[in-house]
Every structure is written in structure tokens, then in C-alpha cells.
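Residue-level structural notes
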Amino acid sequence: MSVLSHVFEKAGLATVGISLVRGQAETVKPPRILNVNFPLGRPLGKPDDAEFQTSVLMAMFELLPHTDVPVLVDFPETIEEQGSEPSSCPMPPRHNPDLNAAIDEANGLRNAYDRNLEATGGRTLLGRVADVDGVVGLIEKIIEIEGGASIADVGWDPTAAIAASQDIRAYYEEAGLQLADNTGARQLETWFFHQTETGQLIRRARDGMRDRNDDKLATTYLAPMTQG
């Protein structure tokens, strides 16, 4: 966005933006940028804190009248990275031991997901390749991949495989917001990939793809590189 802002400005459109990496903003020199010292991936700072997030956006838009560009302003509040310790997130009990553990787990999180959807006014990151009713179908394909199928065998290209993993993760992490007592920038991510059946399933599927020399793009991004 910092680079694109120069293109928009040349076309006569004033731009503002948020930077999480001050050094990058200093190098690219976008016309008007608010630098925030927040954990990466959280440009508005505090999850589920509309008042704080609004204050960040207002600080950004206050830069709009500036004509003495480039302008780089630091937001006055710092949010420290809470580390990668997993969230403490009690899971619902198994409902159907005859189902695959990951599928049974996902079914058990539906109420928590629905509560979060209501609490956020219907906002969700789920929907790249499936809606909430399609999450179990995505997990079933991951199970096939763990069993030795290629992404092509389950009807995915690399982009669809990555999007499917992101949809599953969004479902879990949004449900987790209703269950966890600590939801730092990477804590829910670590909880998902290391403490849930489905997160561990995705990691095993990724590792199997790597061993079989399956598609490199999908293998690299099926799970974040920070999640081992």
C-alpha cells in the first residue's frame, strides 16, 4: 500500500495509511502514514476493542489534510507482542467418538463460532472457499491429503489449498475468541496449530506433502512458517 499510494497521489487522490514497520515507511516514504508499534498482523491494535481501533483510524485520517508530504507520525500508544504462548482455551467435549477427531472437534466449536459471529455483527474472515457449513468438508479433504492424496487429487490447486487452510483457521480462531482467556497476536494461532486436532492435522498434512515433494507453494503456506 505504501508504494501504491504514490500512484494514487499522481492521479490526484490523497492517501493515508498505517505502517507496522517504521523502517519500511521511512524507505518508501508514502505521502501520509501513521506508524503503529503493534504486533505484526494487528494494524488496529486491540482485538474486539472498537474504541481503541477507532482511535487508531481517527489518528490516521487526521493526516489527510497535510500537504507538506511525506508525513510520518507515530501513534502514541505501544502494544507489546504477547509472545507465542498458546491461548488457554477450554475445548468442548467430544460429541461423537465414531467421527474423526478433527471433524468431531470442529462440530463442537460451532456454537462458539456462532456466538462470535453475533458479537461482531456478522464479521468473519471465513469465506475464501467455503462458508461455515463447508468447514467440515474442507477438513475431510485435509484428512485425505494426510493419508497420501495430492492437492490435485482432492480437487484443489495451490491457491485453493492455502485458502482452505485459512478458512479452517479463521473458523477455529473466531470460535476461540469466545473461549480463550488470552488472545494475543499469535496466541490463538499457536493454540490452533499445536493444541487442536485440526491444527495438528494440517501440520501433518503439510509435512507429508513436503516428504512427497507435492506442490511447493501449498506446502510452504498451508501453515505459517512460524508454526513448525
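Rules used throughout
Residues numbered from 1 in each chain as written. Predicted model: local features only at pLDDT ≥ 70, side-chain atom pairs only at ≥ 80, totals over all residues. Heavy atoms only, no water. Helix = DSSP H or I, 4+ residues; strand = E, 2+ residues; numbered from the N terminus. Buried < 20%, exposed > 50% of the residue type's maximum accessible area, 1.4 Å probe, protein only. Contact = heavy atoms within 4.5 Å. Areas by Shrake-Rupley, 256 points an atom, 1.4 Å probe, with all protein chains shown as cover. Lys, Arg positive; Asp, Glu negative; His and termini not counted. Charge placed at Lys NZ, Arg CZ, Asp CG, Glu CD. Core = buried A, V, L, I, M, F, W, Y, C linked by side-chain atoms within 4.5 Å. Phe/Tyr/Trp six-rings, centres within 6.5 Å; stacked < 30°, edge-to-face > 60°. Salt bridge = Lys/Arg side-chain N within 4 Å of Asp/Glu carboxyl O.

1. Considering the overall build of the protein chain
Summing up its helical and strand segments, the protein chain has 10 helices and 3 strands in all. Dimensions of the protein chain, computed from C-alpha atoms along their principal axes, come out at roughly 65 × 40 × 30 Å. Of all 228 residues assigned to the protein chain, the portion counted as buried reaches 41%. In the protein chain, once contacts between residues fewer than 6 apart in sequence are set aside, the share between residues at least 24 apart is 63%. Summed over all atoms, the accessible surface of the protein chain reaches about 12,000 Å², with 52% contributed by carbon and sulfur. The average position of the 20 basic charges and that of the 34 acidic charges among the side chains of the protein chain differ by 5 Å.

2. A few points about the nonpolar core
Formed by 39 residues in total, the largest nonpolar core has its most connected members in I139, W156, I168, Y171, Y172 and I202. Where this core is concerned, the elements lending two or more residues are α4 (101-108), α5 (110-119), α6 (135-146), α7 (158-176), α8 (187-195) and α9 (197-211). With 8 residues, the single largest contributor to this core is α7. Setting aside chain neighbours within four positions, we find Y171 in contact with A106, L109, R110, Y113, L126, V132 and V135. In this structure, V16, L34, V36 and F75 belong to the second largest nonpolar core, which totals 12 residues.

3. What to know about the packing of aromatic side chains
Tallied over the entire structure, the rule returns 8 aromatic pairs. Ring plane angle 75° and centroid distance 5.8 Å describe the contact between F38 and F75, whose orientation is recorded as edge-to-face. In this pair, F38 sits in the loop between β2 (32-37) and α3 (50-61) while F75 sits in strand β3 (residues 71-78), placing the two residues 37 residues apart along the sequence. The class for F75 is buried, based on a relative accessible area of 11%. Three or more aromatic residues joined by ring pairs form one cluster here, namely Y113, Y171, Y172, W191, F192 and F193.

4. Remarks on unusual backbone geometry
The omega torsion across V69 and P70 is 0°, close enough to zero to call that bond cis. Tracing the backbone shows P70 in the loop between α3 and β3. The phi dihedral of K29 falls on the positive side, at around 55°, and the residue is not glycine. Mapping K29 onto the fold places it in the loop between α2 (22-28) and β2. In this structure, N213 is a non-glycine residue whose phi angle is positive, near 60°. Counting through the fold element by element, N213 comes out in the loop between α9 and α10 (216-221).

5. Considering α8
Buried residues dominate α8, accounting for 7 of its 9 residues. In this fold, the buried residues of α8 make contact with α7 and α9.

6. What to know about the side chain of E105
Mapped onto the fold, E105 is located in helix α4. For E105, which is buried and forms no salt bridge, the nearest opposite charge comes from R94, at a distance of 8.0 Å. In contact with E105, other than residues within four places in its own chain, are M91, Y172, T196, E197 and T198.

7. A closer look at the pattern of salt bridges
Considering all chains together, one arrives at 13 salt bridges under this definition. A salt bridge links E77 to K46; the shortest N-O distance between them is 3.4 Å. Here E77 is found in strand β3, whereas its partner K46 is found in the loop between β2 and α3, with 31 residues between them in sequence. Using a relative accessible area of 32% as the deciding quantity, one classes E77 as partly exposed. Take K46: its relative accessible area is 31%, and that puts it in the partly exposed class. Residues R169 and E189 are paired through a salt bridge, measuring 2.8 Å at the closest nitrogen-oxygen approach. With R169 in helix α7 and E189 in helix α8, this pair connects stretches of sequence that are 20 residues apart. Given the relative accessible area of 23%, R169 is considered partly exposed.

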